[in-house]
Every structure is written in structure tokens, then in C-alpha cells.
Amino acid sequence: MTGSCFWTSGLLFLAVFVKVAVLTNDGDAVFIREFTLIRRDHLPEEPLHDGSQKPEDPSSRTARSEEDRDTLWDAWGSWSECSRTCGGGASYSLRRCLSSKTCEGQNIKYRTCSNVDCPPDAGDFRAQQCSAHADVRYQGQYHEWLPVYNDLDNPCTLKCKAKDSGLLMELAPKVLDGTRCYTESLDMCISGVCQIVGCDHELGSTAKEDNCGVCNGDGSSCRLVRGHYKAQHATGKTEDTVVVVPYMSRHVRLVLKGPDHLYVESKTLEAVKDELVLDNSGQYLLENTTLDFQKLSDKEVLRITGPLGADFTVKVLFASGADSVVQYIYYQPIIHRWRETDFFPCSVTCGGGYQLTSAECFDLRSGRVVVDQYCHYYPENVKPKPKLQECNMEPCLASDGYKQIMPYDLYHPLPRWESSPWTACSTSCGGGIQSRSVSCVEEDMQGTITTTEEWKCLYSPKTAILQPCNTFDCPTWLAQEWSPCTVTCGQGLRYRVVLCIDHRGLHAGGCNPTTKPHIKEECLVTVPCYKSIDTLPVEAKPVWHKQAIELEEEISVSEEPTFIPGPWQPCSRTCGAGTQRRTVKCQVLLSFSQTVADLPDDECEGVKPATSQPCYRTPCSGVSGKEDEKERQEEEEEEEEETPGREELHDWEYEGFTECSQSCGGGVQEAVVICLNKQTREAADQSLCVSSRRPPQLLQDCKTQPCPPRWETGEWSSCSATCGVGLMTRTVACTHRPSRDSNHTEAVRDKDCQNPKPSPVQACNRFDCPPMWDTRDWGQCSQSCGGGFQKRQVLCKQRFADGSILELPDTFCPSKSPINQQPCAKKECPPQWVTTSWSQCSVTCGNGVQRLQAVCRKQKEDGAHWTVDPGNCSTMARPTKIRPCSLRPCEISVKPVPSILAQKKVYIQWKKAKKLHLVVGGYGYLLPWTTMVLRCPTRHFRRGHIQWLKEGKPLVSFPHLTVTSQGYMKIQQVRASDAGIYTCVAGQAHEHFVLQIIGSKKKLSLPEAWLLAGKQKVGRLDVSSTGDRFQELPIPLNQYDNLVERLLELKGNLPDEKDVEKLHSSEKNRSTKVDERVNAELSSHIVLIADTQRLDEIMNNLSEGLGGTWRERLITQLLSELTMTEVETNESTLHPPETAESSTQQPLLNKPNVKTQVPKPRSPVIIQRPRKVGVVPSSDMVVYVGVPVLLQKPIASLELRCETLGNPDPSLTWTRNGKDLQYNNRVGLLPTGSLKIQSPTKVDEGLYTCTARNRLGSSSLSSWLQITGSKGRNCVQGNSMGATGRICSERSNSSQSAELCHGPACPLRWRVDPWSPCSASCGGGSQTRSVRCMKGPEGRSREVESQHCLSTGRRPSFTRTCNLHPCARWTTTHWGLCHGQCVGPSLATQHRHVFCLDANATKVNYRMCSGLQRPSSMKNCSTETCALYWRVGQWTQCTATCGRHGFQSRQVTCAHRRSGKATREHQCVWRPRPPSWQRCNILSCGRAGECRDSTRYCEKVRQLELCPLPQFKNRCCHSCSNT
């Protein structure tokens, strides 16, 4: 409506001025040209032809361009308003001439504007201009004017036609700017001239729409559809569908030939249907789409330019007559197209990053984004490559104290293609293929490299994943020329050399032995052997003859009797024909002695080889030669005397030419001169003619045509081996001389030359090598670092001419043998833990333990060790070993010394609670407004006399702080002011407790009284009121603050309480009644309780300067331990165990009693329970592993119970003194995994260790077993056992038996042997043992009658039943297939069936096997996806050579173990990820005044002009000084 209203007012203005013109001219219509060009408000303030008017406001003009300054024009003015608000209009800009002269060029320029479609009701622009003249009389009457379109002669004049009379009139010489020249064109009339307008709406542009309607498109966004349809009237239908043309199709054309008729139905995306019956020719409108229909006598034509506003279904209405045929064609849009997205957020917030675009599949019909598969359906669709740009290039701000901002040299690198190493070639020669995997990776600010989507790397071409390899030819056999036949007449042999030649032309191995050509064959000389022996034979080449003899007669001794010929002796004559001889013996090889024995000739089978043969070297020179020369001289003299008489009869004449000297390329022929008999015209002997009359020599050219290509050979190279068999090579090329006169040749293809091709190689130096040393490869180094030795084998070998190699004793080779040992692995060894000595005993008297101390040491090149910082060994497990120690017996004090039973614990309140009970000796981190009861348990001291101090001063009672009569200190609703150091004093004993309030920023400091009292050491406390002097404060004040703060930050990462409860419920069958009571009293996660020893170990590891990832892993592991180990009720914090050994090695956690759920995977944990061992109530003793065991009297059995938690269930193994425990009929395992020792004796003493393992880890716990004896009265001090005092047991009953005795105090005793094996494996059997009465001390005792020992007690039984379980067994089927995809542990499973079978292998009820451990019917398994691991690459170069900012990174990818292919990282997250970056070159950068660069990014800093910033200028001093 806006557009139509605007043009109504604009045209009204035009009409008003037209009326004024009419009144002035007495009713005649006169049109003012300027008013038809532009509206009034668009007229410039100064006319175009006059410069005398007032100048316009200079502020409205733009600055003059360089081009304008060189001319006389002023700057261009601002652009005028657009001539139209829609449909495409024009805007202009003016400039004025600054000179009185004429300026070259135009003073006005145009541009298009308002290039948006007008609303449907706006009407045609040219029609609006015609209708504006409806109120102007023409020839005395008014007319309704209609526009005339597409005037080819004057398209920009306003020609209109009267609707009633058909009168055609030019109402204006110019249409308004922006009017289209033609209806089907974007060309626009501006100032009465038709201007070309492209589809990009730019003046003068030649851009055109393609068939798909895309400006400047390539036609790829649509596809051409052709087809035809033939009507079938016989079907009985009245109509039929021809084709369904989809929405947005273009250039539709249908031609129907026949009597039928077309009609069209439409269906929009909203399922609105409509139809159109095409009766007459003309234009129709359907769904805002124009249809041109033409109806002729024999056909109907339907054209739709498009785009279609809906789905058009073209149908045919059948009429009588012949069947019609419809042909159609249209361009169908590809409705699913790739659309480029906006830029993604920047990869970093500061410091320089990148951002990328992507491509999404867009449905043109619904206007929604769909999955990519729709766009992949069309082959024409090409997914656009992502665009990339830099972002957030401003430097990062300084650290805010809580999170570390990485230095500026960590500019975020772009994603890149990362490729794995090439695989081995598929073939060793002849051309193969090798492959590699290529993935797109990106690196974050910390240098962590992760695999990402491939489209992020498409801005650069993807590297190849396949390449050819080993394209050289495979080695082939090459046969040399045959030697001459070994005989000069008759049948003989000939030989040749066959070599294996590789692609380099070298003699090497690798040829197929089965295809080797033969090296010997028979030959036949076509000369009959009829000459007598005296006649000199015509010999073959001596070299080949010698070789043939050697090769033919090379016969070795074997275990069968064989004729063995010896070497030929020299020829009997030095010239002429002679004879050479040899010896031929019948010999055999004696295998047992490896010696050769001579036999009579009749022992050998076959024909004995010849012992002699004729030989010939050179002809002899002698008298016969001189006589021949004399005869020849006499004949010449006779010729000269007879010549004059024969002159007339004979004469010289030419007769033909000799053969050409060259076969091609130009040679010469010589004329043949003969002596001719003049009478007979026959040739006579040349001696008959006078030699002085011989005619001159005549020559002529011949064979002048160019020579064909021929083989050209080069000189032989030197031999590749000095002995054995070597190779000589030469160049062999097919060459061609272009012309006769040219002196150079050109190389052509080998096939242009005639075969055979001369051989490019030949054998040489075919004689035996002297013995030489042969060295093998060096073996493995004896050590991997720190200097070791490696050895190799050095042998004496001889290589023979036939290629064989013989190993000889060392004495055959030169005296100096190559070295067979050399140093290696000279690099320094990494530091490692080295155990030194045992620590002091944990107690000053009685029995205690010692720990083996370890230091981190590094080995020098000379083998010496030196101690380094323990942080260098942090990646290796520190060795932990303990052993018992026993010092002097503890003295019995007349007056017990008061002591405080402190607990070295750290209490961390996890959730809000009303009241907490704590014990002195450690730390407390409590939430505010929690009531705390602090208890000071004492021994040998009255609780009412306990004194409490704060900050070393007597505690002052406040309304919320009181000390009870039982010695407890109670603080109601603690607050920040209550934080501090509380001290419990009991006589000379005292213990501290440090209280911190969570959320308080207050840091505790040492009280001033402690710092100044008596100039004592820091932390020493002196209480003047009591006169007691306290020792140093045993623990720092704020030691664990940071660690506790980090744990509280990770509070949300605690495991699900239900999962923890599941672990406990899975152990229910093995729990004792105490366990059930603990489980029943479980409360919520209120307090985490950790041992200070464990926290100290964590703090030491954290203080060693490791990377952030390692720190986080340590803290997360600690939190996992705190949330996973055995629970302890809040009551236990109030009443600690009464033994010193009651504190476990693992922290404790209060947990709720919740419903059972599927547990999460857990690494094994061994439950440690306290056990008092002083009083033995029965002969069967049960002790939980983790505490020492002291046996002072014999017992029947000892069970070391090892209870574990873990998922999957851990397997248990036992060791004794560090070695695997050997089981027998007395020492064995129970079904629960606990260890049971029958009748333990001295030989069973030692350190027993229980180790629990599953695939997530392992855990160990040890107990020391010690067996002692005493006289009559047994008394042991309970310090090491944790007893409250001496535990003495007196033997008051003589019926107690089986007690070991020593010395004369116990002369008689029963001795029992181990039980025999059970007589039956099931169904009930029996065991027996020997029971004897022994007299005398141990070691010198003897056996006596049994009645003598009856006074010492009842005789032990010598028989018992065993294996009472029924004879049934569990049996299983084979495991099934592995099911499940593994992206973490325990997610792939396989199953099997489990049955209970009796002794007859019959399936019975499962209750028959209830006493036996049932095999598992399900287990975890490893699929292909499970076999994943973190693959780490090499560290990159350090980014700095010194200072504190250098770091290096490496690639860490999740990969398959078998295939080595990388996969997504989330599939490996269940394994700890190795660090991908670390600090490096943390060294001082030298002198303070030295100006140097400490990072390799300084050039980038200089380009970005960051040098003015201090932090960049310091690190890039050298580069910034040059700016």
C-alpha cells in the first residue's frame, strides 16, 4: 500500500502541472519535457545550462576525487531520492562545471535503487502513467488510456491506447525513470533512454539469469526434465495426469497434439488446491504464476516462464478421436541446496584465533534446514568450501590471580590435515600401493591436538591417502652369450653365465629360482671327426675351453664310490700337437670320520673318465717355413722375365665395382681391375698383364640413403667385484644419424633397432676370493642408556667363483680381526628410584615396622650415580616396602605417663549438619553455623583435669564456647572468629587442632606469644600458667588450604551415592555382622576424613611443578579415593578405636544407606579392619590383612582375611616376603580368596601381602606374621598391637594342648604331621595324619609311648572327613559372540550357559551345585572398538630458548591398536589422557642487561605492532629494538 499511495501522489502532481499547461494553451495538450523526467522536489537548485544561479550548499557535496581535481568539474553531489519505492527505480547525482569554458563529460550520473518487488496490488508502472491522463481531454473528450508495451522503435516514450476507440497516442516523449523498456526485460528507461540493466540490478551490467533463475549462475541449481505422454482412450478414463511440475520450476513448455484438451490443477505447500480450465488462448493467472496458453486447430501449447508458485499438475481431458501425444520440458529446481552459514564463534576469546563458516542443507520449499543426505542426493550439488578469517586478534589481559592466561605466543593455529605414516608397500617391486590415514585436527590454547570434523580443513586441499610405491622393475634373470662348443668336431657342450639383475643393473638376489635359465646345453659341430691323431686339431677359444673343462669335470666326493678326476697336467709340448694327462681315482667319503678313502676302480660304476687328451698351444716355427719363402721369390723372378712376350695378348680392363664400403649412410666403391685375354675375352691371371700399365684406382659414392637406427655401445665399466663373480656394465642405446654429413647421432626407441640387443652387462673376475672377514649386524645393546655394549659375529669366509661361500677357521683370514664389541647407548639414563636404607623403627620399644627409603638418582656416563630432585621421578611409582622391627622390651612403668590418643586426620565438612564430633590431632574445615564437639581422648589421665588453650593462651569461655566436665570442648554454631589453633593439655602431653571456617578469607598465623617466648624456635609453645614447655607445633597452619579449596571446587564430580552403595551391597555375602551394622548406620556425605600422611604425599607431588593436567589428575584421584573407600559413621569420629593401629591407610567417608543400583567401574580397594590379637578366644584365629599378627601359643588354624571392593570383581593373589606363595595341603586359599594356614609354625613367619587386581588397577595390603614362645607365662606389650596395656595369659589349665614348648619346662608334647590328601574329591572322603608323643627339647626330642603325653592334654585327632559336597559340578558352554560397541570399559559383553551336572553327566537341579562356586555366565569382552589407546607423537620444538614462558606440544590421538587409525577422542576418555603440552627450557635468559628474543613468535609480535606493550617488549627485546 505504501508504494501505491506514493505513486498516486506523485502522479497527481504530474497531472496538476499538465492542467496548467492546458489552460495556458487554450485547450491543447502540451507536455513539459522536464516534468516527465523528474518530479519537482528532484529538480536541482541551478539549471543544467546556467551557472549564474546561487551556489548550492557546499556541505552537500562530497570531497573532490583525484580525477575531478585534474579536470574542471566540482565534486559529485549527493544521490537523489529514488524515483520508485519498489520494482526498481533510478537515482541521480549532479556536479557543476567550475570553469566558464565547457567541461568534458556528463554533469549527471544514474544508479538503480529500490530493487524490491512491488506488492501484487500496486499495478503496472507504465499503466499508472497512462491512467494519469484520464482526466485530460483529447480532441474534446476524455479517454481511458491503456499502456502500449514493447515498442521496438521508441520503448521509452509513453504510448497509450484509448480503451473505447482504440486510438493510439504518444502522451509523453519520456516515461518516468525506472519504467521497464520491455515487459520481459530488466532494462530501464532513464531520461528517455533505454539503459541496459543486468540481473544484478546494475546499470550497464551484462549479467543474465541462467535457466534456474540464478543471476550469473551456471545452471547447477536445477535440472532439465524432458518427457512425453501418450493418451490411451481405451482405458475408459475421462481424464489422466500428464506430469506433475514441482514448485519453483521454470521455463515450462507443453505441446499437446490431438483432439484432447489441457487443464491445470495446483496445490500449495499449505495443501490449498485450485484448478484452471484452459478454454481460449491468452494469459491466465494461477497461484501468482502467469500461464500463456495458445489453442490452435491441431494442437495446444502451454508456456509458463515461472517460477511456479505451487505444484502444478497438468492433466488432459479426453475427447473422442485418436489418442493425443503430449511433449513437455521444464527446469526443475534442486529443492535441497547447500547454504553457507554465518561465521562460527571465534576459537579463542583473545590472543588471535580463527572462525570458519560451514554449509547446511536447506529445503527451499519448507525453508528449513534438513540433514545433509538430502543434498548429497543431487550430483549437481557441490558443497561449498568453508571460509576462514582471523578473529579476536587483541592480546589477552594479564592474569586475574585465579586462572592463568596463556602467553601471547599461543596464537590459536588453524585446523590442519594431519596424516599418519605411510604403510608398508603392498609389493616389493613391480609397482605397489601404500596408504595412510588423513584426519582434520585442531590445536587449542594449551597445545592439545584433537580430531575434528573434516569440513574445517577444507580451506586447503586434503593430502593424498594413496600413493604408488616400489615402481621399479622386479629382478630378472639375464643370460650371457653361449661359449663356443667344447669340441671342434662332433657333439660337445657349451656354457653360459646367468645372472640376477635388479632395476639398477646390479647383480643381486630376489629372482625366482624356478625360472632360472639353464647354463649348460649340448652342442653339435658339423665337422666330421675323421682326422688322424697326428693331424693338428682346430681348437676352440682357449679361455672357454678351459672353463668348459673345469665346469664339466667339477665332481665332488660323495658317500657313493665315484670316479674323481684330478687336474690336467701341462701339455707335453710347448708348440704343435701334444698330450696332457691327469689322474682319475675311485674314491668314497666316509661319513663317520669325514675322510676320503681310495678304492679299486671296479668299485665305481660307470665309465672311467679319460686320463689323457691331445693338446695344442701354438704352431712351431722351423725349416719348412724358410723353404716356402724361397720358392715364392723364385716364382716372382720368373714372372718378370716372361712379361715382355705377353703384352699384346693380355691387357688391363675395368669390370664392375666392389661391394660398397658401408651398408648405408654413404660409402665408396672401387672399380675392379682385371687382366683380360684379348682373344678369348676371359679373365686371366694378373701376372700375365704388365703391372706398369695398370689403370688408376677409380672410386664412386654408394649407399647414400640414411642408415636405419642401430645399436651403439659404450665402454665397459670396471668390475663391481674384485673376486668371486662381478659385473661389468656398459651403455647400450639405439641411435640414429639424421643425415650423411652430420657428425652426431640421436637416441631413439629400442624397438626401432633390430634384435638382438647387445648385452649391457657381463660377468667378470670369475675366480675364487681369498679368505676374508665377514661381519654381521650389531646385536642389541646390553643397556638402553647409561653406556652399554653390543656385540656382533665376525666370521672368516671365502667366496668362490660359482657364488658359493665357505666358512673357514679364523686362522685362514688376515691376522687382524674386526672388532666384535663396541660401546653403545651413551645417552644419559632417566632418573629412577633407588632404595637406600631402612628408616628408624616406628616405636622406641617393643615391636614396630620400618620402611625402605628411596631417593631419586641419575646415572652419569662413568656409571656413578648422583641424587636429583624427587620431581624428576614423579612419573614412576615409588617403591614401598615395610618390615618388622623389634627394639628393647618396653619397660613397665611404675607410674603410667599420661598420653593423648590423637588422630592425625583432616576433617572436611561436605554437607550442612547440626553437630559434628571431632578428635584432636589434625585439621577441621567446617561450614559456618555448625556445632562442633572437639574431644581429647586420654590414657592414664582424668578427663576433668584436661586444659584447653587457644592460640597458646588459656581458653576463655563464651556463651557459645564451653568446656564440659568430661573434657570436651563444644562450640555452638562456629563462625569465622572461632578459627584458630586449639590445644588440649593433659599433664606433659599436648595435642593441637587447627580449625578453619569454609568460605572465610582469613589466613591463620602463628600466635605472637609463641614467636617471642624465650626466643624459642618458631612454633614452640610455652604456657607459663602450667609451667609446661611444649614441643614445636607439629603441623603447618595453612598447609592444606589450597588442596581443600580445590576439593570443594570439584564437589560436583563426586560419584553417585547409589553406585557406591551398590559396591557395598555386592559384598554383602562376605560381610560380617559389624559390616551390616555399619551399613545400617550410614548417613549422607557429611564429612570427608583423610589421613594427613596421604595428603602430605599428594602435596609433595603437587609441589614438584608438574603440569596442570597432572595436578588435576592427582586431585581427582584423591577425591575418588575419598568417595570410594570404606565408610565410617559419624559416631566413629567421636569414639576412635582404642588401638594405635586403628587408623587406616585410606581416608574414610560417611555415606548414606540408599537403594542398590548398577555400580560404576571401580579400581580395587582392600578393606582394612582393626583386630586385637593379644587374646585368642579360640584355636581358630581370623585376622584382617593390614595389621601385624603375633602368635605366642599354638593354634589350629590362622585365617588372613582379605576383603575387597571393586567393579569388575578383583582377583586376589598372595605373596610371602615378595615371592609368590607356594600352596600345599597346609597352606591354601579359601573360596573367598582369604589365606588359611593350618597349625602355623616358625617356618610360616614372614610378610604376607594380598594384592587385588582388575582391569582398572590394583591394590595391596600386608601383614607381618611372627610366632614366639615363652616359659610358662606369656606376656607381650601391646604397643605394636594397639593394646591398651600388657596382655598376659597364664597357662592355668593343663588340658590346653598343641602348645609348643622349648627346654626342660615342657619335656612331653604331642606332635602332629600335616593332613594327607583327601581320599575323595567329592561326596565325602577322609584325611589322616600321624600323631606322636615326643619327649625332650625341640631339636633333640624322641618318640615315646602315647600314654606319657596323656597328662599334657587330650590326644589330637588323627582322622577327619573332607570334601563333603555332593559329586556334582558346574559345566559351561562356549562363550558366545561379543556384543556391544565399546566407548568405555565394561560395555561389551558375551554370554554362555551354565549347568549343574552329576557324576553321570546328567543335568540336575542347580541346588546340587550350591556348595561350589558357580562360574560366571557373562563377562566383559573386547570388541574392535574397545582396542583403543592414546597414541602420542613427538614433542614439538620449544617455543622459547629460555625464560619461564617456553612450552612444547605433541599430538595425542585416540587410535585403534590393530589398525592404527585415529578415531574420536571421547572413545578413549575412560583412560587417562597423556599430557599434550609441557613447559620447557625453564632456564635463566642470561645477564640482566642482555637484549635478546626468548620466543620464536617475535616476528609476529613486531608485525602486529605489539612492541609498545611491556610484556611483549621484554620477551622480544631484540626484535622490538629494530622497530
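Predicted model, so just to flag it, every value in this text is computed and none were measured. (Residues numbered from 1 in each chain as written. Predicted model: local features only at pLDDT ≥ 70, side-chain atom pairs only at ≥ 80, totals over all residues. Heavy atoms only, no water.)

*Asks:* Quick question: what am I supposed to make of the overall build of the protein here?
*Replies:* Across its full length, the protein holds 17 helices and 98 strands. Sequence separation of at least 24 residues holds for 62% of the intrachain contacts in the protein that already meet a minimum separation of 6. As presented, the protein carries roughly 89400 Å² of accessible surface, and 51% of it is formed by carbon and sulfur atoms. (Helix = DSSP H or I, 4+ residues; strand = E, 2+ residues; numbered from the N terminus. Contact = heavy atoms within 4.5 Å. Areas by Shrake-Rupley, 256 points an atom, 1.4 Å probe, with all protein chains shown as cover.)

*Asks:* Even after reading the chapter, I still don't get the sheet that holds strand E8 (residues 193-195), so can you show me in this structure?
*Replies:* Strand pairing in a sheet is mediated by backbone hydrogen bonds. Such pairs are either parallel or antiparallel. The sheet built from three strands is open, its strands ordered E6-E7-E8 with antiparallel pairing. Whereas interior strands pair on both sides, the edge strands pair on one side only; in this sheet they are strand E6 (179-180) and E8. Note: strand E7 (residues 188-190) against E8, three bridges, orientation antiparallel. Bridge assignment links Met188 to a residue of E8, and that residue is Gln195. (Pairing = 2+ DSSP bridges.)

*Asks:* It is not clear to me how the state of the cysteines should be interpreted in this structure. Could you clarify?
*Replies:* Here is the idea: a disulfide is a covalent bond, and it sits between the sulfur atoms of two cysteines. What the rule picks out here adds up to 36 disulfides. Bridging Cys82 to Cys113, the disulfide has an S-S length of 2.0 Å. Across the S-S bond of Cys82 and Cys113 the torsion is about 90°, and the bridge reads as right-handed. Residue Cys82 is found in the loop between helix H3 (66-69) and strand E1 (89-94), and its partner Cys113 is found in strand E2 (residues 108-113); the two are separated by 31 residues along the sequence. The exposure class of Cys113 is buried, given its relative accessible area of 14%. What pairs with Cys796 in a disulfide is Cys813, and their sulfur atoms sit 1.9 Å apart. The sign of the S-S torsion, about 95°, decides the handedness of the disulfide formed by Cys796 and Cys813: right-handed. Placement of the pair is Cys796 in strand E49 (residues 794-799) and Cys813 in the loop between strand E50 (805-808) and strand E51 (821-824), with a sequence separation of 17 residues. (Disulfide = S-S within 2.5 Å. Buried < 20%, exposed > 50% of the residue type's maximum accessible area, 1.4 Å probe, protein only.)

*Asks:* Honestly, the environment of Arg1342 in this entry has me stumped. Any pointers?
*Replies:* Tracing the backbone through its elements, the reader meets Arg1342 in strand E88 (residues 1342-1344). Linking Arg1342 and Leu1308, residues 34 residues apart in sequence, is a C-alpha distance of 9.7 Å. Leave out the neighbours within four places in its chain, and Arg1342 touches Cys1333, Met1334 and Lys1335.

*Asks:* What's the story with the pairing of E49 in this structure? I'm lost.
*Replies:* Looking down a regular strand, the side chains alternate between one sheet face and the other. Burial analysis of E49 places five of its six residues in the buried class, which makes it a mostly covered element. Bridge count between strand E47 (residues 772-775) and E49: four bridges; the pairing is antiparallel. Across the sheet, the residue bridging to Thr775 is Val794, located in E49. Linking two consecutive strands that pair antiparallel, namely E49 and E50, is a turn of five residues; a positive phi of about 95° is found at Gly803 within it.

*Asks:* Looking at this structure, how should I read the side chain of Ser266?
*Replies:* Note that Ser266 resides in strand E12 (residues 261-267). A residue is classified by how much of its surface remains accessible, and Ser266, at 3% relative accessible area, is buried.

*Asks:* What's the story with unusual backbone geometry in this structure? I'm lost.
*Replies:* Most peptide bonds take the trans form, and the phi angle of most residues other than glycine is negative. The omega torsion across Gly306 and Pro307 is 5°, close enough to zero to call that bond cis. In the segment running from Asn755 into Pro756, the intervening peptide bond is cis, with an omega of 0°. Positionally, Pro756 belongs in the loop between strand E45 (746-747) and strand E46 (761-767). In this structure, Asn392 takes a positive phi of about 45° despite not being glycine. Structurally, Asn392 can be placed in the loop between strand E23 (388-391) and strand E24 (416-419). Using a relative accessible area of 28% as the deciding quantity, one classes Asn392 as partly exposed. Even without glycine at this site, Asn470 takes up a positive phi of about 50°. Within the secondary structure, Asn470 sits in the loop between strand E28 (466-469) and strand E29 (476-479).

*Asks:* Where do I start with the pattern of salt bridges in this structure?
*Replies:* In a structure, side chains of opposite charge can pair up when their charged atoms sit close to one another. On inspection of all chains with the given rule, the structure shows 23 salt bridges. Residues Glu454 and Lys462 are paired through a salt bridge, measuring 3.0 Å at the closest nitrogen-oxygen approach. Judged by relative accessible area, which is 39%, Glu454 ranks as partly exposed. Here Lys462 falls in the partly exposed class, since its relative accessible area comes to 41%. For Asp601, the salt bridge is made with Lys608, and the minimal N-O distance between the two is 2.9 Å. Several salt bridges share partner residues, and in doing so they unite Glu239, Glu265 and Lys315 into one network. (Salt bridge = Lys/Arg side-chain N within 4 Å of Asp/Glu carboxyl O.)

*Asks:* Just checking my understanding: could you explain the confidence of the model for the protein for this structure?
*Replies:* When pLDDT is low, close inspection of the predicted coordinates is not appropriate. When pLDDT is averaged along the protein, the result is 76; 78% of the residues meet or exceed 70. Below pLDDT 50 for its whole length, residues 399-410 participates in 27 contacts with residues either more than four positions away or in separate chains. For residues 638-647, every residue scores under 50 in pLDDT, and the model assigns this stretch nine contacts once sequence neighbours within four places are set aside. (pLDDT = per-residue confidence, 0-100.)

*Asks:* Explain the nonpolar core here, please?
*Replies:* One recurring pattern in soluble globular proteins: nonpolar side chains tend to sit buried together. In this structure, Met932, Leu934 and Trp948 are the most contacted members of the largest nonpolar core, which totals 56 residues. With residues up to four places along the chain from it excluded, the contact list for Met932 reads Leu916, Leu918, Leu926, Met969, Lys970, Ile971, Val974, Phe993 and Leu995. Counting 28 residues, the second-largest nonpolar core is a separate cluster that includes Val243, Leu278, Ile304 and Val316. (Core = buried A, V, L, I, M, F, W, Y, C linked by side-chain atoms within 4.5 Å.)

*Asks:* It is not clear to me how helix H12 (residues 1092-1102) should be interpreted in this structure. Could you clarify?
*Replies:* The periodicity of an α-helix, 3.6 residues per turn, causes residues three or four positions apart to be oriented the same way. Buried within H12 we find Thr1092, Arg1094, Leu1095, Ile1098 and Leu1102. Burial along H12 is one-sided: seen end-on, the buried residues are contained in an arc of 155°. (Arc of directions from axis to C-beta.)

*Asks:* What exactly am I supposed to notice about the environment of Leu1037 here?
*Replies:* Counting through the fold element by element, Leu1037 comes out in the loop between strand E69 (1028-1032) and helix H9 (1041-1049). On the accessibility criterion, Leu1037 (9% relative accessible area) is buried. Leu1037 sits 57 residues away from Gly980 along the chain, and the two C-alpha atoms are 8.9 Å apart. The residues touching Leu1037, leaving out its near neighbours within four places in the chain, are Tyr923, Ile981, Val994, Gln996, Leu1004, Ser1005 and Leu1006.

*Asks:* Could you clarify how one ought to interpret the sheet that holds strand E87 (residues 1331-1335) in this entry?
*Replies:* Taken in spatial order, the three strands make up an open sheet running E85-E87-E88, and their pairing is antiparallel. The open sheet has two edge strands with one neighbour each: strand E85 (1308-1312) and E88. The mean angle between the axes of side-by-side strands here comes to 50°, regardless of whether they run parallel or antiparallel. As paired elements, E87 and E88 share three bridges and run antiparallel to each other. Residue pairing across strands places Met1334 opposite Glu1343, the latter belonging to E88. (Axes fitted to C-alpha atoms, helices over the stretch in contact; angles between N-to-C directions.)

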